[in-house]
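# Examining the three-dimensional arrangement
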Amino acid sequence: RPGMRVVSPIRATCRLAIDTAKIDACGPPTFSTRRPKASDSAYFKRATSTMITVRPANDKDAEAAIDVVRRSITILCVDDHRNDQTTLRTWLANKTPRNFVDWLSNDENFCIVAESDGCLFGVGVLQRRGEIVLFYLAPGEQRRGIGKTIHAELERKAHAWGLDALQLDSTK
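Here we summarise the structure given alongside this text. (Residues numbered from 1 in each chain as written. Predicted model: local features only at pLDDT ≥ 70, side-chain atom pairs only at ≥ 80, totals over all residues. Heavy atoms only, no water.)

### Brief notes about the overall build of the chain
Broken down by element type, the chain carries five helices and six strands. Starting at the N terminus and walking to the C terminus, you meet the elements of the chain as β-β-α-α-α-α-β-β-β-α-β. A burial count over the chain gives 49% of its 172 residues as buried. Counting only contacts in the chain whose residues sit at least 6 apart along the sequence, the fraction spanning at least 24 positions is 77%. Carbon and sulfur atoms make up 50% of the accessible area of the chain, which amounts to about 8,700 Å² in all. (Helix = DSSP H or I, 4+ residues; strand = E, 2+ residues; numbered from the N terminus. Buried < 20%, exposed > 50% of the residue type's maximum accessible area, 1.4 Å probe, protein only. Contact = heavy atoms within 4.5 Å. Areas by Shrake-Rupley, 256 points an atom, 1.4 Å probe, with all protein chains shown as cover.)

Written out as structure tokens, the structure is:
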């Protein structure tokens, strides 16, 4: 995947220097050349509450979390996969509920979800070596502070693990 490398030092407060719109993820594949808008209710469910809760993910979150990831990749990362079916299939191949459960069971991973009103709107996975391997928001949920909240929680965990920096490889 083409992309940029973001390395952020761990700090007490979160100053997110990452363009979360380019880190978000998508669910059920739709292969339109038009980028869906937040008003396309078939693709988006807005968080109606201002209260976003970030918590450790569990097995019951697998389907909803992977739906967020797959929709984000499919819808928000068109500039990177260009609706090329082979590229998209390859990118989405390991984004399955089964793999999500496996990621949760790995003690080297810290996985969190962001939710509001019982719906998941974001997913983040930090590996103990300091790499953020998943960081996705549901389409239509960018610029609402959800990504910043996820990032802050990942930084807290990294600090608890004694890490000095985090690394995130992202699409452009």
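Let us keep going from here.
### Section: helix H3 (residues 85-92)
Residues lying three or four places apart along an α-helix face the same way, a consequence of the helix completing one turn every 3.6 residues. Within the sequence span of H3, burial applies to Leu 88, Trp 91 and Leu 92. The arc enclosing the buried residues of H3, seen along the axis, measures out at 90 degrees, which places them on a common side. Opposite the buried face of H3, by more than 90 degrees, sit the exposed residues Arg 89 and Thr 90. Where H3 is buried, its residues touch helix H1 (62-76), helix H2 (78-81) and strand S5 (131-137). (Arc of directions from axis to C-beta.)

### Some thoughts on the packing of aromatic side chains
Scanning the entire structure with this criterion turns up one aromatic pair. For the pair Phe 100 and Trp 103, a centre-to-centre distance of 6.3 Å together with 75 degrees between the ring planes defines the contact as edge-to-face. Within this pair, Phe 100 and its partner Trp 103 are both found in helix H4 (residues 97-105), separated by three residues, close to a single helical turn. (Phe/Tyr/Trp six-rings, centres within 6.5 Å; stacked < 30°, edge-to-face > 60°.)

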